[in-house]
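So you can see what is in the structure, the chains are spelled out below.
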Amino acid sequence: MSLMITDDCIGCGACIDECPHEAIYEGEPYSIDPDKCSECYGNYPEPACLPVCPVDCILLDPDNIETSDELMLKSQYYLREN
Ligand code: SF4
Ligand code: SF4
């Protein structure tokens, strides 16, 4: 499952440097590319962007549900391409 950013985002930028997949983009609100976000699977035990958000506006995206195998494949694909 990818994560998503809600309209509560205040644009502080704290999340963007935490992402190991460069999946977070500046904007109003900031956004997460579901094709790149792997929930940090294979990189960290928990999504790295979640704890740094001061307004808790980063959530699991119910429209982008994936298995752990799919998340791991996404993570490995990113590492191969970068
Ligand atoms: Fe990036 Fe991980 Fe947050 Fe997904 S969960 S946007 S991969 S930091
Ligand atoms: Fe928006 Fe939260 Fe990221 Fe700050 S940390 S830019 S409030 S999503």
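This section reports on the structure supplied with the text. Note that the structure is a prediction, hence the values are computed from the model and not measured.

Definitions and cut-offs
Residues numbered from 1 in each chain as written. Chains lettered and ligands numbered in written order. Predicted model: local features only at pLDDT ≥ 70, side-chain atom pairs only at ≥ 80, totals over all residues. Heavy atoms only, no water. Helix = DSSP H or I, 4+ residues; strand = E, 2+ residues; numbered from the N terminus. Rg over C-alpha atoms; globule rule 2.2 N^0.38 Å. Buried < 20%, exposed > 50% of the residue type's maximum accessible area, 1.4 Å probe, protein only. Areas by Shrake-Rupley, 256 points an atom, 1.4 Å probe, with all protein chains shown as cover. Polar contact = N/O pair within 3.5 Å; in protein donor to acceptor, adjacent residues only side chain to side chain. Contact = heavy atoms within 4.5 Å. Salt bridge = Lys/Arg side-chain N within 4 Å of Asp/Glu carboxyl O. Near = heavy atom within 4 Å. Nonpolar A, V, L, I, M, F, W, Y, C, P; charged D, E, K, R; others polar.

### Examining the overall build of the protein chain
For the protein chain, the count of helices and strands is one helix and four strands. Since a compact globule built from 82 residues should have a radius of gyration of about 12 Å, the 12 Å found for the protein chain is in line with a globular shape. Reported as C-alpha extents along the three principal axes, the dimensions of the protein chain are approximately 30 × 25 × 20 Å. By residue count, 33% of the 82 residues in the protein chain fall in the buried class. Accessible surface for the protein chain amounts to roughly 5,200 Å². Of this, 49% is attributable to carbon and sulfur atoms.

### Re the side chain of Ser75
Assignment of secondary structure puts Ser75 in helix H1 (residues 68-81). Engagement of the side chain of Ser75 in a polar contact is seen with the side chain of Asn43, the distance being 3.4 Å. Sequence-distant contacts of Ser75, that is, excluding residues within four places in its chain, are made with His21, Ser38, Tyr41, Gly42 and Asn43.

### Notes on the pattern of salt bridges
Under the counting rule described, the total for this entry stands at one salt bridge. A salt bridge links Glu66 to Lys74; its shortest N-O distance comes to 3.0 Å. Using a relative accessible area of 25% as the deciding quantity, one classes Glu66 as partly exposed. For Lys74, a relative accessible area of 12% gives the class buried.

### Description of the site of ligand 1
Surrounding ligand 1, one finds Cys19, Pro20, Ile24, Ile32, Cys37, Ser38, Glu39, Cys40, Pro47 and Cys49. Residue composition of the shell around ligand 1, grouped by class: eight nonpolar, one polar and one charged.

### A word on the environment of Tyr78
Locating Tyr78 in the fold gives a position in helix H1. Sequence-wise, Tyr78 and His21 are 57 residues apart; in three dimensions their C-alpha atoms are separated by 6.7 Å. For Tyr78, the residues in contact, after removing those within four places along its chain, are Pro20, His21 and Glu22.

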